[in-house]
Every structure is written in C-alpha cells, then in structure tokens.
Amino acid sequence: MERKSLNIGYSNFKNTVKNNYYYVDKTLFIEELINTEEHVILIQRPLHFGKTFNLNMLKTFFDITEIDNYELFTDLKIWQTNENITSKCAKYPVIYLSFKNITDNNWENIFEKLKFTIAELFSKHKCVLSNLENKEDEKIFSEILNMTASQVVYENSLAILSNLLNYYYDAEVLILIDEYDTPILANYNYCEPQTLIFVQNLINNAFKDNDIIYKGVITGTIKIVNENMFAQPNKVGVFSLLDNRFADKFGFTADEVLQILKDFNLENKYDELNKYYNGYKIGDQQNIYAPTSVLNFALSYNNDYKSNCLNDYSENIFRNLIYHNSKNENRAYLLQLINNQYITKRIEQNILLSDLPKSSNLLWSLLLFNGYLTIKEKRDADYYDIKIPNAELKDIFNDIILKWLNNHIAIREDILLQMTQAIVNNNTVDLETSVREITRNILKYCETTILSENIYHIYSLAIAAILGNKYTIKCNLIENQRYSIVMIPHDKTMTAIVIEMSQIFRMKREVIKNFTERLHLEMENALTRLIDNKYYDELLQTELDNTIKILILFADEKPYVVTNQFKN
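Values in this document were obtained by computation on a predicted structure and should not be read as measured data.

Caption draft 1: Spatial organisation of the overall build of the protein chain. Along its length, the protein chain carries 22 helices and 17 strands. Evaluated residue by residue, the protein chain yields a buried proportion of 54% over its 568 residues. Of the contacts made within the protein chain by residues no fewer than 6 positions apart, 70% connect residues no fewer than 24 positions apart. About 25400 Å² of surface is accessible on the protein chain, with carbon and sulfur atoms providing 44% of the total.

Caption draft 2: Quick look at the sheet that holds strand E1 (residues 40-44). Taken together, the five strands give an open sheet; going across it, the order is E2-E3-E4-E1-E6, and neighbouring strands pair in parallel fashion. In the strand order of this sheet, the two ends are held by strand E2 (94-98) and strand E6 (236-239), each with one partner. The sheet shows a mean angle of 10° between the axes of neighbouring strands, direction not considered. Pairing of strand E3 (residues 173-178) with strand E4 (residues 213-220), which is carried by five bridges, proceeds in the parallel orientation. Within E4, the residue paired with Leu-174 across the bridge is Lys-215.

Caption draft 3: Focus on the nonpolar core. Trp-364, Leu-405, Met-487 and Ile-499 are the most contacted members of the largest nonpolar core, which has 125 residues in total. The greatest single-element share of this core, amounting to ten residues, is contributed by helix H20 (residues 453-467). Residues in contact with Ile-499, not counting those within four places in the same chain, are Ile-423, Ile-463, Tyr-483, Ser-484, Ile-485, Met-487, Ile-550 and Ile-552.

Caption draft 4: View of the confidence of the model for the protein chain. With 89% of its residues at a pLDDT of 70 or more, the protein chain shows a mean pLDDT of 87. For the protein chain, per-element mean pLDDT is lowest for helix H22 (residues 537-540), which scores 62, and highest for E3, which scores 98.

Caption draft 5: H20, seen in detail. With 15 residues, H20 should reach 21 Å at 1.5 Å per residue; the first-to-last C-alpha distance of 21 Å fits that figure. For H20, the buried fraction is high: 13 of the 15 residues fall into the buried class.

Caption draft 6: Region of the structure containing the packing of aromatic side chains. Summed over all chains, the structure comprises 26 aromatic pairs. On the numbers, 5.1 Å between centres and 65° between planes, the contact of Tyr-22 with Phe-264 is edge-to-face. With a gap of 242 residues between them, Tyr-22 in the loop between helix H1 (13-18) and helix H2 (28-35) and Phe-264 in the loop between helix H11 (254-263) and helix H12 (270-277) connect regions that are remote in the sequence. Just as Tyr-22 is buried, Phe-264 falls in that class too. For the ring pair Phe-62 and Tyr-214, a centre distance of 5.9 Å and an interplane angle of 55° mean the geometry is tilted. Taken together, the residues span a long stretch of sequence, with Phe-62 in helix H3 (residues 51-62) and Tyr-214 in strand E4 at a distance of 152 residues. Across the pair, exposure class does not vary: Phe-62 and Tyr-214 are buried alike. A network of ring pairs unites the aromatic residues Phe-13, Tyr-23, Phe-53, Phe-61, Phe-62, Phe-73, Tyr-92 and Tyr-214 as a single cluster. Residue placement shows Arg-436 over the ring face of Tyr-560; its charged tip is 5.8 Å from the ring centre.

Caption draft 7: Focus on the pairing of E3. The element E3 is largely enclosed, with a buried count of six among its six residues. The alternating pattern of E3 places Val-173, Ile-175 and Ile-177 on one face and Leu-174, Leu-176 and Asp-178 on the opposite face, and all of these are buried. With five bridges joining them, E2 and E3 adopt parallel strand pairing. Note that in E3 the partner of Ile-95 across the bridge is Ile-175.

Caption draft 8: Seen up close, the side chain of Asp-63. Its place among the elements puts Asp-63 in the loop between H3 and helix H4 (83-86). Within the structure, Asp-63 has its side chain in polar contact with the side chain of Thr-65 (distance 2.9 Å). Contact partners of Asp-63, with chain neighbours within four places excluded, come to Ala-90, Tyr-92 and Val-94.

Caption draft 9: Just unusual backbone geometry, in detail. Residue Ala-410 is not a glycine yet carries a positive backbone phi of 60°. With respect to the helices, strands and loops of the structure, Ala-410 is situated in the loop between helix H17 (391-408) and helix H18 (413-425). Residue Ala-410 is classed as partly exposed on the basis of its relative accessible area of 45%. Although it is not a glycine, Arg-509 sits at a positive phi angle of roughly 70°.

Caption draft 10: Examining the pattern of salt bridges more closely. Evaluation of the coordinates by the stated rule reveals 19 salt bridges. Between Lys-249 and Asp-248 there is a salt bridge, with its nearest N and O atoms 2.8 Å apart. Of the residues examined, Lys-249 reaches a relative accessible area of 12% and is grouped as buried. Accessibility expressed as a relative area gives 29% for Asp-248, which makes it partly exposed. The partner of Arg-518 in a salt bridge is Glu-510, and the shortest N-O contact between them spans 2.9 Å. Classification of Glu-510 as buried rests on a relative accessible area of 9%.

Caption draft 11: Structural view of the environment of Lys-394. Within the secondary structure, Lys-394 sits in helix H17. Since its relative accessible area comes to 6%, Lys-394 is described here as buried. The spatial distance from the C-alpha of Lys-394 to the C-alpha of Asn-339 is 9.4 Å, given a sequence separation of 55 residues. For Lys-394, the contacting residues outside a window of four places in its chain are Ile-338, Asn-340, Ile-388, Gly-468 and Asn-469.

Caption draft 12: Highlighting the packing of H17 against H20. One can describe the packing of H17 onto H20 by two numbers: an axis separation of 9 Å at closest approach and a directional angle of 130°. Put simply, H17 runs oblique to H20. In this structure, the crossing between H17 and H20 has a hand that is left-handed. Of H20, the residues touching H17 (which contributes Asn-398, Ile-401, Leu-402, Trp-404 and Leu-405) are Ile-458, Leu-461, Ala-462, Ala-464, Ala-465 and Ile-466. Of the residues assigned to the contact of H17 with H20, the class counts are ten nonpolar, one polar and no charged.

Basis of the calculations
Numbers given to residues run from 1 along each chain, matching the order in which its sequence is written. In view of the model being predicted, local features appear only for residues whose pLDDT reaches at least 70, and side-chain atom pairs are presented and counted only at 80 or more, with totals across whole chains, interfaces and linings using the full set of residues. To get the side-chain values, take all heavy atoms of the structure and skip hydrogens and water. Labels follow the DSSP assignment, with helices taken as runs of H or I lasting at least four residues and strands as runs of E lasting at least two, numbered in each case from the N terminus. Burial classes: relative accessible area under 20% of the type maximum marks a residue as buried, over 50% as exposed, and values in between as partly exposed (1.4 Å probe, protein chains only). Here, two residues are considered to be in contact whenever any of their heavy atoms come within 4.5 Å of each other. The accessible surface values rely on the Shrake-Rupley method and a 1.4 Å probe; as for residues, cover is taken only from the protein chains in view. For two strands to be treated as a pair, DSSP must find no fewer than two bridges joining them. Axis definition: a line fitted to C-alpha atoms, over the contacting stretch in the case of helices. Angles run 0 to 180 degrees between N-to-C directions. The definition of a nonpolar core used throughout is a set of buried Ala, Val, Leu, Ile, Met, Phe, Trp, Tyr and Cys residues joined through side-chain atoms within 4.5 Å. Residue-level confidence of the predictor is summarised by pLDDT, bounded by 0 at the bottom and 100 at the top. For a helix, the expected span equals 1.5 Å multiplied by the residue count minus one. In this analysis, rings of Phe, Tyr and Trp, with Trp reduced to its six-membered ring, are considered paired at centre separations within 6.5 Å, and the interplanar angle assigns stacked below 30 degrees, edge-to-face beyond 60, and tilted for intermediate values. Charges are assigned to positions over rings by a cutoff of 6 Å between ring centre and Lys NZ or Arg CZ, combined with an angular limit of 35 degrees from the ring normal. Any pair of nitrogen or oxygen atoms within 3.5 Å is treated as a polar contact; in protein, a donor-acceptor pairing is required on top of that, and neighbouring residues in sequence qualify only through side-chain atoms on both sides. Salt-bridge detection follows one rule: a side-chain nitrogen of Lys or Arg within 4 Å of a carboxyl oxygen of Asp or Glu. Any angle from 65 to 115 degrees is called roughly perpendicular, while one under 35 is roughly parallel, one over 145 is roughly antiparallel, and all others are oblique. In this scheme the handedness of a crossing depends on how the near helix is turned from the far one: anticlockwise by less than a right angle means left-handed, clockwise means right-handed. Each residue gets one of three labels, nonpolar for Ala, Val, Leu, Ile, Met, Phe, Trp, Tyr, Cys and Pro, charged for Asp, Glu, Lys and Arg, and polar for the others, Gly among them.

What follows is the structure in structure tokens.
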C-alpha cells in the first residue's frame with residue numbers, strides 16, 4: 001500500500017483528513033473534553049506538541065456552520081464511542097482565536113496585532129449582522145471590524161461575540177483560545193503590564209458568569225497567575241505536564257511512534273529515534289514524543305534531520321540561568337543535567353511574572369513546562385527530580401552554553417576545540433596555549449585574578465558542551481582552592497582523564513627567582529599528589545585501564561601544564 005504524504009507545518013485538521021494526509025488519530029481528545037466536568041480548561045504543553053492542531057480538530061468537530069464535517073470523523077476513533085459523543089458534532093457555534101503569532105516587546109505593536117486578529121475573527125462571523133436588532137451592537141461590531149474600537153471593547157470582544165452567536169444560532173458557544181501566553185512570554189524581560197492586563201481581561205470577561213458557554217479550551221505553556229488571571233472564570237481546570245488528564249492526547253505515545261516507523265519503513269531506526277527524541281513524561285504516562293520531531297524524522301531521515309529549535313523566550317530563560325557571573329549554583333546544576341543526571345527542584349505551577357528575575361525555581365519550572373526538561377519522578381509535595389529528556393534537547397543545552405561562552409566571555413569555539421582535543425590527545429603544548437587564552441578571557445569576564453569555584457564551573461561546562469556525548473564530566477573541590485575535573489568515558493575502551501587545577505600567587509616583595517623556585521616545587525608536589533591521590537573515587541569503580549592525569553598550575557594568572565598517562 002502506498003504511504004500517505006505528511007503535511008508538516010500545517011494545523012488544518014479538515015485539510016489533513018480530506019486530502020488523506022498522514023494523521024495520528026487523537027480524536028478521543030474530543031470525548032475526554034465532552035466528559036470533563038470543568039466549564040473551562042487550560043491545557044499546558046510545550047511548543048510542537050500539537051496544541052494548535054488539536055484545537056483546530058475541536059473547531060472542525062463542533063462547528064455548527066459545517067454540517068457535513070461529520071464525514072471527516074466516521075473512520076476515526078471518536079466515531080466508535082457512543083451517540084452521546086457523536087451527536088455533538090456540528091452542534092455549536094465556535095469562536096477560535098489564536099495568539100501564537102502575536103509577539104513583540106512593545107505594547108502598542110502588540111495591541112495593533114491583537115486588534116487585527118480580533119477583527120479577523122469577527123469578519124468570519126458577519127452572518128450575525130443580519131439578525132441584529134440593537135443598533136449599538138451593530139456599531140460595536142463595525143468598530144471592531146474597522147479596528148477603531150476602544151481597548152475596553154476589545155477586552156470584551158469575546159463576550160460580545162459569544163452573546164451574538166448564541167442569539168443568532170440559539171445554541172451554547174464553544175470558545176477556543178490557542179497559545180494565550182505567547183504575547184506575554186515572547187519577551188518576558190520586556191513585557192509591559194498592558195499586555196498581561198489585556199489578555200487577563202479578555203479571558204475573564206469571556207468566561208466569568210457566562211452561562212451561554214458550552215466549553216472553553218485554552219492552550220499555553222504555563223499558568224500565569226498575576227492579578228486575577230484564571231481566578232475569575234468558574235471551574236477552570238488546569239492540566240499541565242504534571243497531570244494525568246489529557247496525558248496521551250498531546251504528543252505521541254510509544255505505540256504511536258512504532259506505528260509511524262512501520263508506516264514509513266523505518267522500523268530498524270527505532271533505537272536511533274528513541275535516543276534522540278524520546279524521554280518525556282506527562283503525568284504517569286512515560287515515553288511521550290514531541291510530534292513535530294518524530295514526523296520530521298520520518299520525513300527527512302535520510303537528510304539527517306535535527307530540529308534543535310530555541311525560541312527567543314526560551315533563550316531568555318537560559319540567559320537568566322547562566323549568563324551572569326553570579327549564577328554559579330545554576331551552572332553546577334546544568335553540568336549535572338548535561339551529564340545525564342537529574343536535579344531535584346521545587347516546581348512552581350503558578351507563575352508570577354514579577355518573581356522571575358529573583359527566583360531560580362521559577363526558571364527551572366519554565367524550562368520544564370517549555371519542554372527543555374522533563375519529570376523523572378515526584379519526590380514530595382511540589383518537589384520533583386527533573387532531567388534533560390533526550391539527545392535533541394541535550395544538544396540545545398550544549399549549543400546555548402557554547403553561545404554564552406562565545407558571545408559573553410569571548411571564548412571562540414575553535415579555541416575550545418583546541419583545548420578539548422589537547423586534553424583527549426594528552427598534548428601539553430596545545431593545552432597550555434589554549435588554556436592561557438581561555439583563562440585570560442574568563443578572568444576578565446569575572447573581573448577577578450583569583451580562580452574561584454565559579455571559574456572552574458565555567459571550564460567544566462565548556463568541556464562538557466563539547467565532550468559531553470563521550471564523557472561524564474565532574475567538577476570537585478578537593479581542598480584549599482584545588483579543584484579537579486574528572487572525565488569518565490562512556491566507551492570503556494577509551495582513556496579516563498583527571499585534571500587538577502590550582503593557583504599560587506607571588507608574595508609581596510618576593511623576588512622572581514624565589515617565586516620560580518617555589519613554583520617548580522609546588523608543581524612537583526602537586527604532580528606527586530595527582531599521581532598518588534585517590535580522591536577520584538569514580539574511576540576506581542570503573543574497569544578503565546588507563547588514566548591521563550593533567551596538572552594545570554596557575555602562577556598568578558599564567559597557567560603551566562604537566563601531563564602524564566598511568567595504568568589504573
């Protein structure tokens with residue numbers, strides 16, 4: 001049988017089914033929505049998890065103006081349920097509003113985009129004008145279409161339109177709002193309060209005490225709780241990545257992925273896809289895949305597809321985590337994550353934007369809800385073990401670290417490559433040359449001459465960003481400002497590496513000759529410690545035969561390197 005074509009990048013359900021494009025059946029989302037007791041629901045999912053497509057599917061199913069749409073569903077799972085579900089097809093007027101393309105860091109520009117989007121929405125429902133008896137309603141409708149209405153009118157526009165549709169069709173109204181938080185979060189560092197206030201008022205006015213609403217479905221990545229956001233609408237159900245409800249309706253399950261690979265004759269590529277794209281946990285549902293990544297893999301496998309997308313909003317989160325030299329603790333956590341380990345954090349489900357600059361817990365929560373991290377398991381109350389989901393996301397973490405090193409510390413990637421290759425190849429000359437340049441830039445960035453824990457973490461992250469796919473990188477404080485970086489290879493045929501870094505200073509009035517003699521003595525003592533010391537317990541637990549041991553001793557700010565290779 002001929003394989004169906006993919007329609008990636010388009011979120012039109014009707015077009016997909018009508019033209020027989022490849023489709024993973026998620027229509028049981030409709031049944032789960034109908035059976036839910038909540039009047040309004042907010043579903044939180046990362047980008048590329050099918051939120052827009054699923055909302056478009058809801059619109060296609062419920063839309064009262066498309067009475068023949070039932071034909072699109074007769075061969076899908078929803079039609080195998082019961083009449084109580086299928087009878088609701090084409091029974092409700094639908095308001096569908098998407099904010100996914102409304103981004104800017106200026107309120108005036110955002111407001112113009114909002115006005116245009118709402119005007120487009122009203123233009124699709126001009127039919128109600130034929131039934132208007134109130135001239136004031138007609139005037140307001142016209143002002144919205146012409147983008148001349150006041151802000152207060154636009155904030156009430158969904159409530160206005162729902163009342164008009166209810167009167168025209170004599171039926172309850174379904175309201176769908178896609179990516180409600182995009183205009184708020186696109187540049188949250190610059191977000192003006194007007195944006196938040198507008199979206200808050202628009203949602204609250206649409207749903208509060210509005211008994212003509214059949215259901216309200218809102219999608220986004222997080223739940224923002226500033227002021228009264230989601231406080232006023234009655235019975236709002238919030239379902240995030242931590243909840244079981246709707247867990248398998250957004251994202252592909254393992255069974256669905258196996259079927260996709262079978263349909264595209266890629267069954268032998270499961271391990272590769274699983275390593276690169278698997279790893280999400282939603283509620284208790286393990287092994288959830290991002291749909292866009294999987295479908296692009298199936299479509300472009302022979303072209304070595306890698307999605308690696310990082311939007312401006314997510315880059316802002318990373319910037320707050322690592323870009324400032326006061327973020328030492330966060331860099332240590334990042335190193336753990338890159339090493340395929342987990343960290344334990346309190347996850348904030350209610351995001352107060354004003355707390356973002358001062359709360360690292362909120363930043364980790366944002367990374368989780370935006371799909372850059374996932375839950376390993378729940379600890380207690382709001383505490384969770386979190387980790388990087390898969391190799392695709394690990395590459396993103398590495399890329400952002402390299403970008404930070406290059407753009408903010410002025411460390412070129414070719415110098416980092418020279419350093420890491422010199423470490424692996426036990427090349428003393430190249431290692432000393434590269435370390436000198438890198439150290440000079442790091443000390444300038446940190447505005448110090450003392451190699452602190454902060455600086456060693458920068459070194460560890462730099463090595464991990466390049467060699468993290470081959471080694472587990474660990475940074476340890478030994479004693480008295482002496483640090484070690486231990487590199488344990490994933491391939492047991494490779495050589496382990498231990499780097500010890502320490503610093504001595506020329507004392508006041510100390511002559512060069514005496515300082516040089518003391519430097520040589522310290523190098524001899526340090527090398528002896530490095531050879532004899534068993535502080536690197538991790539290596540003793542492995543079956544590695546050889547270890548490269550590297551001493552980097554800084555005389556003031558100038559590094560000297562001694563390397564050797566030993567049998568373990």
